[in-house]
Amino acid sequence: MAFSIDADIRMPGYGGRRAVVADADRIQREALAGHLSGRGFQVSQTDDALEALTIIGAEAPVVALLPLDHEGDDGDRAAALAAMLYPQTRILMTGPRMPNLPFPILPRPVDLTALDRWLDEATV
């Protein structure tokens, strides 16, 4: 007797359009997550940037939106660690523009048209 199963089996988090949104502002976080969901992403949310790093490691999202309040904060550290540990994830910071940061930054509240342009470039 032969046994066969037709299933798409792969490592968790790979092969899909996944995103992580971290922001302490619940309204901003939910707006971004809703917009990403509308663009076909499966979205995980957190209010803590360092918790986002854990989610990135577990789910391997295509994109992660991390908060930035000032250089050296939790969002900045989470982004740097994510870039080193999970290079498949594209990082976008949300917050004030700062010179010389290695990640693109969109000011809060995030302009969804600008987010769409970044997504189109990042997820090609």
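Heads up: the structure comes first, above all this text.
What comes next is a walk through the structure. (Residues numbered from 1 in each chain as written. Predicted model: local features only at pLDDT ≥ 70, side-chain atom pairs only at ≥ 80, totals over all residues. Heavy atoms only, no water.)

### A closer look at the overall build of the protein
Logical step 1: Scanning the protein for helices and strands turns up four helices and five strands.
Logical step 2: Its helices and strands in sequence order give the protein the pattern β-α-β-α-β-α-β-β-α, from N to C terminus.
Logical step 3: Summed over all atoms, the accessible surface of the protein reaches about 7,100 Å², with 54% contributed by carbon and sulfur. (Helix = DSSP H or I, 4+ residues; strand = E, 2+ residues; numbered from the N terminus. Areas by Shrake-Rupley, 256 points an atom, 1.4 Å probe, with all protein chains shown as cover.)

### As for the side chain of Asp73
Logical step 1: With respect to the helices and strands, the residue Asp73 is situated in the loop between strand E3 (63-67) and helix H3 (74-85).
Logical step 2: Among buried Asp, Glu, Lys and Arg side chains, Asp73 stands out as unpaired, with Arg108 the closest opposite charge at 6.4 Å.
Logical step 3: A polar contact is formed between the side chain of Asp73 and the backbone nitrogen of Asp69, at a distance of 2.6 Å.
Logical step 4: Among the polar contacts listed, one links the side chain of Asp73 to the backbone nitrogen of Gly75, at a separation of 3.1 Å.
Logical step 5: Beyond its immediate chain neighbours, meaning those up to four positions away, Asp73 contacts Pro67 and Leu68. (Buried < 20%, exposed > 50% of the residue type's maximum accessible area, 1.4 Å probe, protein only. Lys, Arg positive; Asp, Glu negative; His and termini not counted. Salt bridge = Lys/Arg side-chain N within 4 Å of Asp/Glu carboxyl O. Polar contact = N/O pair within 3.5 Å; in protein donor to acceptor, adjacent residues only side chain to side chain. Contact = heavy atoms within 4.5 Å.)

### Comments concerning the pattern of salt bridges
Logical step 1: Taken as a whole and judged by the stated rule, the model has seven salt bridges.
Logical step 2: A salt bridge links Arg26 to Glu30; the nearest nitrogen and oxygen atoms lie 3.2 Å apart. In this pair, Arg26 and Glu30 are both assigned in helix H1 (residues 26-38), four residues apart and thus about one turn of the helix distant.
Logical step 3: A relative accessible area of 40% means that Glu30 is categorised as partly exposed.
Logical step 4: Its salt-bridge partner being Arg39, residue Asp116 comes within 2.9 Å of it at the nearest N-O pair. Taken together, the positions of Asp116 in helix H4 (residues 112-122) and Arg39 in the loop between H1 and strand E2 (42-46) put the pair 77 residues apart, joining distant regions of the chain.
Logical step 5: For Asp116, a relative accessible area of 21% translates into the label partly exposed.
Logical step 6: Judged by relative accessible area, which is 25%, Arg39 ranks as partly exposed.
Logical step 7: Among the charged side chains, a network of salt bridges with common partners joins Asp23, Asp69 and Arg108.

### A look at unusual backbone geometry
Comment: phi is negative for the bulk of residues other than glycine, and the bulk of peptide bonds are trans.
Logical step 1: Omega for the peptide link from Arg108 to Pro109 comes to -5°, which places this bond in the cis form.
Logical step 2: Summarising the element assignment, Pro109 is placed in the loop between strand E5 (105-106) and H4.
Logical step 3: Unlike most non-glycine residues, Asn100 shows phi in positive territory, near 70°.
Logical step 4: Residue class for Asn100 comes out exposed when judged on its relative accessible area of 78%.

### Quick notes on the sheet that holds strand E4 (residues 90-94)
Logical step 1: Pairing is parallel in the open sheet, where five strands are placed in the order E2-E1-E3-E4-E5. The sheet is open, and its two edges are formed by E2 and E5, each paired on a single side.
Logical step 2: Bridge count for E4 against E5 is two bridges, and the pairing is parallel. Among the inter-strand pairings, Met93 is bridged to a residue of E5, identified as Ile105.
Logical step 3: Relative to E2, H1 is tilted by about 170°, and along the sheet it contacts strand E1 (18-22), E2 and E3.
Logical step 4: In this fold H4 packs onto E3, E4 and E5, with an angle of close to 165° to the strand it touches most, E4. (Pairing = 2+ DSSP bridges. Axes fitted to C-alpha atoms, helices over the stretch in contact; angles between N-to-C directions.)

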